[in-house]
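Notes for the structure review
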Amino acid sequence: RIYAIDQSYAQLAEAWRSFYQYLGVSQGLALAQIMRADPLSQRLLMVMLPQLEQDQQARLRDAKAESSRVTTLTQRGSVGIFILSTMLAALLAYMVSHQITKRLGALNIGTAMIGGMSLDHRIEVKGSDEISSLGRAFNDMAEKVQVARQDLTAANDQLAKRNSELDAERQVSES
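What you see is a predicted model, and the numbers here were worked out from it, not measured in a lab.

All right, on to the packing of aromatic side chains then. Here the structure, examined in full by the defined rule, presents three aromatic pairs. With a centroid separation of 6.3 Å and an interplanar angle of 35°, the aromatic rings of Trp16 and Tyr20 are classed as tilted. Of the two residues, Trp16 and Tyr20 both sit in helix α1 (residues 2-22), four residues apart, roughly one turn of that helix. Accessibility expressed as a relative area gives 35% for Trp16, which makes it partly exposed. Residue Tyr20 is classed as exposed on the basis of its relative accessible area of 56%. Ring plane angle 70° and centroid distance 5.1 Å describe the contact between Phe19 and Tyr20, whose orientation is recorded as edge-to-face. Owing to a relative accessible area of 11%, Phe19 belongs among the buried residues under this scheme.

In structure tokens:
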């Protein structure tokens, strides 16, 4: 059977070669070669067609299997990426909330201490965000209140000294 197919191929190839040789030279001989090639082509197609169909079906099955494999792999990859990104988002949210809570706690303690007249206490300021800005404002306020307190204490001491001098003078005057 393979020998017959090889012979048919050889005859078909020869018919087409002859056709191209006679194409511009003798139209009749070229036409005769086409008529010789046509039944050979049909016979080869009838012999080869079942095998070609089987090969095509096999390629189709392989392509479907590969497509299914790739689809499964893609779905698994998508789920993995989704889980990983969700975990990263949760971790990032935890870290940000932890930082904000920590810094707000330090701000709360600092304001309580400054409000309790512990004017030497300073709130730790890191960065240039709103919480840091608020911490700087409280530190500036504590500094100004501390300076005002020192000025008031100095004025009070001076007033007490002046009162002592006045009492001493009054006692001298009364005696």
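What follows picks up the thread again.
Attention now goes to the layout of surface pockets. Here the largest pocket defines a volume of roughly 220 Å³. Gln99, Lys102, Arg103, Ala106, Leu107, Ile123, Glu124, Val125, Lys126, Ile131, Ser132 and Gly135 together form the lining of the largest pocket. Here the lining of the largest pocket takes five residues from helix α2 (residues 27-115), the largest share from any one element.

This part is about the side chain of Gln146. Structurally, Gln146 can be placed in helix α3 (residues 130-174). Judged by relative accessible area, Gln146 falls into the buried class, the value being 16%. When neighbours within four sequence positions are excluded, Gln146 is seen to be in contact with Leu119, Asp120 and Arg122.

As a further point, take the environment of Lys161. As for its position among the elements, Lys161 is in helix α3. The class for Lys161 is exposed, based on a relative accessible area of 55%. Separated by 91 residues in sequence, Lys161 and Val70 have C-alpha atoms that sit 94 Å apart.

It is worth spelling out the environment of Glu14 at this point. Looking at the secondary structure, you find Glu14 in helix α1. Classification of Glu14 as partly exposed rests on a relative accessible area of 34%. As a C-alpha pair, Glu14 and Leu29 span 15 residues in sequence and 13 Å in three-dimensional space.

Moving on, we get to the packing of α2 against α3. Packed helices, taken two at a time, are described by the angle between their axes plus the distance between the axes. Put simply, α2 and α3 touch, their axes get as near as 11 Å, and they point 15° apart. In terms of their interaxial angle, α2 and α3 are classed as roughly parallel. Of the two possible hands of crossing, α2 and α3 adopt the one that is left-handed. Here α2 contributes Ile100, Arg103, Leu104, Leu107, Thr111 and Ile114 to the contact with α3, which in turn contributes Ile131, Ser132, Leu134, Gly135, Phe138, Met141 and Ala142. Residue composition of the contact of α2 with α3, grouped by class: nine nonpolar, three polar and one charged.

Turning next to the pattern of salt bridges. A complete count under the given rule lists eight salt bridges for this structure. Residue Arg69 is joined to Glu66 by a salt bridge in which the shortest nitrogen-to-oxygen separation is 2.7 Å. Note that Arg69 and Glu66 are positioned in helix α2 at a spacing of three residues, about one turn of the helix. The exposure class of Glu66 is partly exposed, given its relative accessible area of 39%. A salt bridge links Arg103 to Asp129, with the nearest nitrogen and oxygen atoms 2.6 Å apart. Here Arg103 is found in helix α2, whereas its partner Asp129 is found in the loop between α2 and α3, with 26 residues between them in sequence. Judged by its relative accessible area of 23%, Arg103 is partly exposed.

The rules behind these values
- Residues numbered from 1 in each chain as written.
- Predicted model: local features only at pLDDT ≥ 70, side-chain atom pairs only at ≥ 80, totals over all residues.
- Heavy atoms only, no water.
- Phe/Tyr/Trp six-rings, centres within 6.5 Å; stacked < 30°, edge-to-face > 60°.
- Helix = DSSP H or I, 4+ residues; strand = E, 2+ residues; numbered from the N terminus.
- Buried < 20%, exposed > 50% of the residue type's maximum accessible area, 1.4 Å probe, protein only.
- 1 Å grid on protein atoms, 1.4 Å probe; cavity = no way out; pocket = protein on both sides within 12 Å on 5 of 7 lines; lining within 4 Å.
- Points joined across faces, edges and corners; volume = space filled by probe spheres on them.
- Contact = heavy atoms within 4.5 Å.
- Axes fitted to C-alpha atoms, helices over the stretch in contact; angles between N-to-C directions.
- Parallel < 35°, antiparallel > 145°, perpendicular 65-115°, else oblique.
- Left-handed = near helix turned anticlockwise from the far one by under 90°.
- Nonpolar A, V, L, I, M, F, W, Y, C, P; charged D, E, K, R; others polar.
- Salt bridge = Lys/Arg side-chain N within 4 Å of Asp/Glu carboxyl O.

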